[in-house]
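The chain contents come next:
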2 protein chains.
Amino acid sequence: MLNPLTNDFVEKLSAMLPDKALRLATPADVEEPRGRYIGLGTHVATPSTVEEVSKIITACNAARIGVIPFGGGTGLVGGQVAPQGPLPLILSLERMTQIRATYPQENVLIAEAGAILANVQSAAQAVDRLFPLSLASEGSCRIGGNLATNAGGLNVLRYGNTRDLCLGLEVVLPSGQIWNGLTRLRKDNTGFDLRNLMIGSEGALGVITAAALKLYPRPAENGTGVFVVEDPTAALALLNLAQTIAPSEVSAFELIHKTGLEFLSEKLPDVRQPFENKPEWMVLIDLGTARGRDPDALLERLFEEGHAAGLISDGAIAQNEAQRRQFWEVRERIPQANKAIGSIVSHDVSLPLGSIAAFVTEGLARLAKLGDMRVNCFGHLGDGNLHFNAFPARGRDRHEYDAIRDDIQRCVHDLVSEMGGSISAEHGIGRLKAKDLAHYGDPGKLAAMRAIKTALDPNGIMNPGAVIGSLNV
Amino acid sequence: MLNPLTNDFVEKLSAMLPDKALRLATPADVEEPRGRYIGLGTHVATPSTVEEVSKIITACNAARIGVIPFGGGTGLVGGQVAPQGPLPLILSLERMTQIRATYPQENVLIAEAGAILANVQSAAQAVDRLFPLSLASEGSCRIGGNLATNAGGLNVLRYGNTRDLCLGLEVVLPSGQIWNGLTRLRKDNTGFDLRNLMIGSEGALGVITAAALKLYPRPAENGTGVFVVEDPTAALALLNLAQTIAPSEVSAFELIHKTGLEFLSEKLPDVRQPFENKPEWMVLIDLGTARGRDPDALLERLFEEGHAAGLISDGAIAQNEAQRRQFWEVRERIPQANKAIGSIVSHDVSLPLGSIAAFVTEGLARLAKLGDMRVNCFGHLGDGNLHFNAFPARGRDRHEYDAIRDDIQRCVHDLVSEMGGSISAEHGIGRLKAKDLAHYGDPGKLAAMRAIKTALDPNGIMNPGAVIGSLNV
């Protein structure tokens, strides 16, 4: 059993840490973006070195006090807030924000876990390199949180998830021991892959304090096109075609449904839409090309070949950077429109690429049986990642659906599970989906996860309640 | 403590398995390529389904009998042979060789662990796709072994190590429980990353029985060039230049030292060398380009810009496929020439890219102090992976160096460790480097590895003695 944080313990911590390394929690420390959880009011430790983190974790482990690692607080599954249980300590990385070093010739950058993602991007840009991780909250999320949740975002198709962008880690293990795995190596086969085990473990196996990150050459030019497609099947065929015309240059391939465009018109009418008549389905394609490769010429070729193959009925290619921003705004502001409409329930699922079309058809049919609702289906088609979100019918309120909210979610997740998909493609498990993981997860994997958690964190102090629930409940 | 395999146990196994699922070990099952170890003569189980693997592991776990998973037997660190300890069972995947399915539109293929790598490549080619893993033993190594050792090879620079080519796994855990993680998903954030934990664990945490593998569009064209460079510093600068001219199209960037060219002349004079005067250093560059991109034009541009920048003094671009093969033969037959010369000791190390030049200079200087020897330094420069192998001076025999063999290895590994490198870049730990890992490994990582091993395999049955030594010794 965990013990609650006490004033005595806080004083003890305070005595072993420098000034300012402990403070009371503010609302920003205990609220999360979707407002589903309010964390317990408690103390926040704000260490500035890995040694301080080690001291804090060692003390918490000895006293069996829970620790909630905290990055930018932008997670969408409640991994960063503990609304119940014995009072934990919040461990915020907010003062570990240094870019420790950049190695442009090696395409490597070393950042502390508290560095804001946008600052990591800027540090890469300052040495004429690209750090490709990009997502809506990049102005406030921290790289440690991105790593802990294996964040996805807009460039996964080309550059991979966050785990694919990491070469090495510095981690404080639940015992308080420091693992210095901050290598810049592209190849290292010395033992079990602790790096990937820590990445995506959502703070349940240790605290990431720094990372060696991969950089890339900056594309010489970018081009963006929007194309009208008949359905997700045509969209997938178009993706395959794009990958033969510009392999390794397709950096985003986003699917957008008419519902999203309608939400934009309804709630954000200032967003300029690319087609006068809203198409049932459209895709947004972004290319980042090598020196001497004209992205617009490639997009034109894609349009011509896609049109000839019957995959595309209409399209537009951005003629300048302003228009490119305009096209992207359509995709990027859909979440904001969704929020303004007010979803009944949202889903972050992934499917095998070949099953997406069937999933959409079947998913819409099954949801229609549950009630009159609108579904906004959009997402990173190239990664098989859809946000399949249910909204009230026009004129109705989301709370009218409270009684069937869980049924809707179960319906979608059951279908995802039947089709070999994932109930959490890029947001993680956190607290929101811990029960779903227990329900849908493979028993062999769950058994292994529990064994690993118990082995590395026998007292269950790290982010108790997250991912696999609490060991001590 | 493990128990030895007994006739009683073999009979018990035999009764629960179909005919032909057990046989006596042949020399091929207990010898490894470098002849360092001879495994104990024992029985070999040859299951043909994951359920049979599960039965075998369950029985061995209950009886505390060691299991040596066996793929193609081509590993170079003794991971596949148990020369001592209680008699284990060899579990060969030789009958699980099916390509279960291909999904060309998804760029996914599902193979059983016993599929020969070359057959996986062919299955991909048959659906007009590329499975990029390529290494010297591809005609006999098996994909399960490639995964268990996270094999590297020739295309890592562009496509990553084996772990980067895997989407999902089917694994029998040490308890005998099956983990069905054979997903085709590009994004899946449901819990700890068991997939990467299994990949590279060298059979010490479970038996991989099948894998969902990533395919890629086949490059439209390939081009190969050989360029003379002053030293490794110039080679690295040239790599950076190549990546601005053809980002994501450089599939190999191999460094070759004069010693390797001399070994070829001495032992394999039929290999045609690209330069009349053997250069001190040369690089081989391979490009695989998109439709409409002429690789030779890109290589010419690279030569011109590299020459203008003072990085290249001479070069040649293959004019046809025969010449391409000829250039590649220089690189690919160096290991054979090495073998004919007879190394004192070989090293599979990686360094941060920016430290390679300093490593080579310092490494040669330190070895020169130990004795009169030749060093053949070659490898995958783009990955920071060097094979830095020591050979007897001309006219001397390798056995004259037996007394300083360990000193040479220690000298090289000490330097690698000082410079933040890895003592095993792509071959793994196996039995050969288990003591080195214990010596050079980060204490935090080693503690975590031991905890994980104990948690997943409390009886220590899986590949006892490999990677982290035996738990029971």
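Residues numbered from 1 in each chain as written. Chains lettered and ligands numbered in written order. Predicted model: local features only at pLDDT ≥ 70, side-chain atom pairs only at ≥ 80, totals over all residues. Heavy atoms only, no water.

Asker: I would appreciate a short explanation of the overall build of chain A in the present structure.
Answerer: When you go through chain A residue by residue, the secondary structure sums to 16 helices and 18 strands. For the C-alpha atoms alone, the extent of chain A along its principal axes is close to 70 × 55 × 45 Å. Looking at chain A residue by residue over its 473 residues, the buried ones come to 61%. Pairs at least 24 residues apart make up 73% of the contacts formed inside chain A by residues separated by at least 6 positions. Put simply, chain A shows about 16900 Å² of open surface, and 48% of that area lies on carbon and sulfur atoms. Charge-centre separation for chain A: the mean point of 45 positive side chains lies 4 Å from the mean point of 53 negative side chains. (Helix = DSSP H or I, 4+ residues; strand = E, 2+ residues; numbered from the N terminus. Buried < 20%, exposed > 50% of the residue type's maximum accessible area, 1.4 Å probe, protein only. Contact = heavy atoms within 4.5 Å. Areas by Shrake-Rupley, 256 points an atom, 1.4 Å probe, with all protein chains shown as cover. Lys, Arg positive; Asp, Glu negative; His and termini not counted. Charge placed at Lys NZ, Arg CZ, Asp CG, Glu CD.)

Asker: Explain the sheet that holds strand β16 (residues 348-350) of chain B to me, please; I cannot follow it from the model alone.
Answerer: As a general point, the strands of a sheet are linked pairwise by backbone hydrogen bonds and lie either parallel or antiparallel. All names here are of chain B. Strand order across the open sheet formed by 7 strands is β15-β12-β14-β13-β17-β18-β16, with antiparallel pairing between neighbours. The open sheet terminates on both sides in strands that have one partner only, identified here as β15 (312-317) and β16. Strand after strand, the sheet turns through a mean of 20° between neighbouring axes, direction not considered. Pairing between β16 and strand β18 (residues 385-392): 3 bridges, direction antiparallel. Residue pairing for β18: S350 is matched across the bridge by N385. (Pairing = 2+ DSSP bridges. Axes fitted to C-alpha atoms, helices over the stretch in contact; angles between N-to-C directions.)

Asker: Even after reading the chapter, I still don't get the interface of chain B and chain A, so can you show me in this structure?
Answerer: Size of an interface: often given as the accessible area lost when the parts come together. With 86 residues of chain B at the contact, the number on the chain A side is 86 residues. For the pair chain B and chain A, the summed buried area comes to about 6600 Å², and 55% of that belongs to carbon and sulfur atoms. Of all residues in chain B, K187, N189 and F192 of chain B give up the largest surface area on contact with chain A, accounting jointly for 16% of the area buried on that side. Taken together, the connections running from chain B to chain A amount to 8 salt bridges. The residue E426 of chain A makes a salt bridge to K187 of chain B at a minimum N-O spacing of 2.8 Å. (Buried area = accessible area lost by both parts, 1.4 Å probe. Salt bridge = Lys/Arg side-chain N within 4 Å of Asp/Glu carboxyl O.)

Asker: Help me understand the packing of aromatic side chains, please; the structure alone is not making it clear to me.
Answerer: For any two aromatic rings, the description comes down to two numbers: the centre-to-centre distance and the angle of the planes. Residue and element names in this part refer to chain A. Counted under the stated rule, the structure contains 8 aromatic pairs over all chains. Between Y159 and Y216, the aromatic rings sit 4.8 Å apart at their centres with planes inclined by 65°, giving edge-to-face as the arrangement. Highlighted residues: Y159 in helix α6 (residues 156-159) and Y216 in strand β11 (residues 216-217), separated in sequence by 57 residues. For Y159, a relative accessible area of 9% puts it in the buried group. The lysine or arginine in question, R184, covers the ring of Y103, its NZ or CZ lying 3.7 Å from the ring centre. (Phe/Tyr/Trp six-rings, centres within 6.5 Å; stacked < 30°, edge-to-face > 60°. Lys NZ or Arg CZ within 6 Å of the ring centre and 35° of its normal.)

Asker: In this structure, what is going on with a negative patch on the surface? I would like to understand it.
Answerer: Residues E221, D294, E300 and E304 of chain A make up a contiguous surface patch of negative charge. Structurally, E221 of chain A can be placed in strand β12 (residues 221-229). (Patch = residues over 30% accessible without salt bridge, like charges linked within 9 Å, V, L, I, M, F, W, Y side chains within 5 Å.)

Asker: So what exactly am I meant to see when it comes to the packing of helix α1 (residues 7-16) of chain A against helix α3 (residues 50-63) of chain A here?
Answerer: How two helices pack is summed up by the angle between their axes together with the distance between the axes. All names here are of chain A. At a closest axis distance of 10 Å, the pairing of α1 and α3 adopts a crossing angle of 150°. Considered as vectors, α1 and α3 are oriented roughly antiparallel to each other. The interaxial crossing formed by α1 with α3 has right-handed handedness. Across the interface between the two elements, F9, L13 and M16 from α1 touch K55, I56, A59, C60 and A63 from α3. For the contact of α1 with α3, the per-class residue count stands at 7 nonpolar, no polar and 1 charged. (Parallel < 35°, antiparallel > 145°, perpendicular 65-115°, else oblique. Left-handed = near helix turned anticlockwise from the far one by under 90°. Nonpolar A, V, L, I, M, F, W, Y, C, P; charged D, E, K, R; others polar.)

Asker: What am I meant to see in the nonpolar core here?
Answerer: Across soluble globular proteins, nonpolar side chains have a tendency to be buried as a group. If you look at the biggest cluster of nonpolar residues, it comprises 140 residues, and the most contacted ones within it are F131, I143 and L169 of chain A together with F131, I143 and L169 of chain B. Leaving out residues up to four positions away in the same chain, L169 of chain A has contacts with L147, W179, N180, G181, L182, R195, M198, I199, I208, A210 and A211 of chain A. (Core = buried A, V, L, I, M, F, W, Y, C linked by side-chain atoms within 4.5 Å.)

Asker: Sorry, what's going on with the relation of the copies chain B and chain A here?
Answerer: One copy of the chain maps onto the other through a rotation about an axis plus a displacement along that axis. Mapping chain B onto chain A calls for a screw motion: a turn of 180° about the axis and a shift of 0.0 Å along it, with 0.0 Å RMSD after fitting. Viewed as a symmetry operation, the transformation between the two copies matches a two-fold axis. Mapped onto chain A, 100% of the interface residues of chain B again fall at the interface, so both copies present the same surface. (Least-squares fit on C-alpha atoms with pLDDT ≥ 70 in both.)

Asker: Honestly, the UniProt feature "domain: FAD-binding PCMH-type" (unreviewed entry) in chain A in this entry has me stumped. Any pointers?
Answerer: With numbering matched to this structure, UniProt assigns "domain: FAD-binding PCMH-type" (unreviewed entry) to residues 37-218 of chain A. Helix and strand shares over residues 37-218 of chain A are 21% and 24% respectively, and the end C-alpha atoms of the span are 39 Å apart. (UniProt positions renumbered as here; feature names shortened; annotations may be inferred.)

Asker: Where do I start with the domain arrangement of chain A in this structure?
Answerer: In terms of domains, chain A is made up of domain 1 (99-217), domain 2 (221-335) and domain 3 (342-418). Between the C-alpha centres of domain 1 of chain A and domain 3 of chain A the distance comes to 32 Å. (Domains from an automatic or database assignment.)

Asker: Looking at this model, I keep getting lost on the environment of F275 of chain B. Mind explaining?
Answerer: Residue and element names in this part refer to chain B. Its place among the elements puts F275 in the loop between α9 (258-267) and β14 (281-289). With relative accessibility at 9%, the residue F275 sits in the buried group. Spatially, the C-alpha atom of F275 lies 46 Å from that of K445, the residues being 170 residues apart in sequence. Once you skip the residues sitting within four places of it in the chain, F275 turns out to touch V226, F227, V228, M282, D314, G315 and A316.

Asker: What is the right way to read a positive patch on the surface from this model?
Answerer: Taken together, R34, R36, K339 and R398 of chain A make up a surface patch of like positive charges. Examined against the element boundaries, R34 of chain A turns out to sit in the loop between α2 (27-30) and β2 (43-45).

Asker: I would appreciate a short explanation of helix α4 (residues 117-126) of chain A in the present structure.
Answerer: Since the α-helix packs 3.6 residues into each turn, any two residues three or four apart lie on the same face. Residues and elements named next belong to chain A. Regarding α4, the residues found buried are L117, V120, Q121, A123 and A124. One side of α4 holds all its buried residues, which, seen down the axis, span an arc of 160°. As for α4, its buried residues are in contact with β5 (99-103), β6 (108-112), β7 (129-130), α5 (143-148) and β10 (207-214). Backbone geometry just downstream of α4 places D128 in the positive-phi region, at approximately 60°. (Arc of directions from axis to C-beta.)

Asker: Before we go on, may I ask you to explain the pattern of salt bridges in this structure?
Answerer: Side chains carrying opposite charge are able to pair once their charged atoms draw close together. Inspection of the entire model under this criterion finds 48 salt bridges over all chains. A salt bridge links R324 of chain A to D286 of chain A; its shortest N-O distance comes to 3.0 Å. Highlighted residues: R324 of chain A in helix α11 (residues 321-332) and D286 of chain A in strand β14 (residues 281-289), separated in sequence by 38 residues. Of the residues examined, D286 of chain A reaches a relative accessible area of 3% and is grouped as buried. For E329 of chain B, the salt bridge is made with R333 of chain B, and the minimal N-O distance between the two is 2.8 Å. Looking at R333 of chain B, the relative accessible area reads 19%, which means it is buried. Through salt bridges with shared partners, a single ionic network connects R23, D29 and E94 of chain A.

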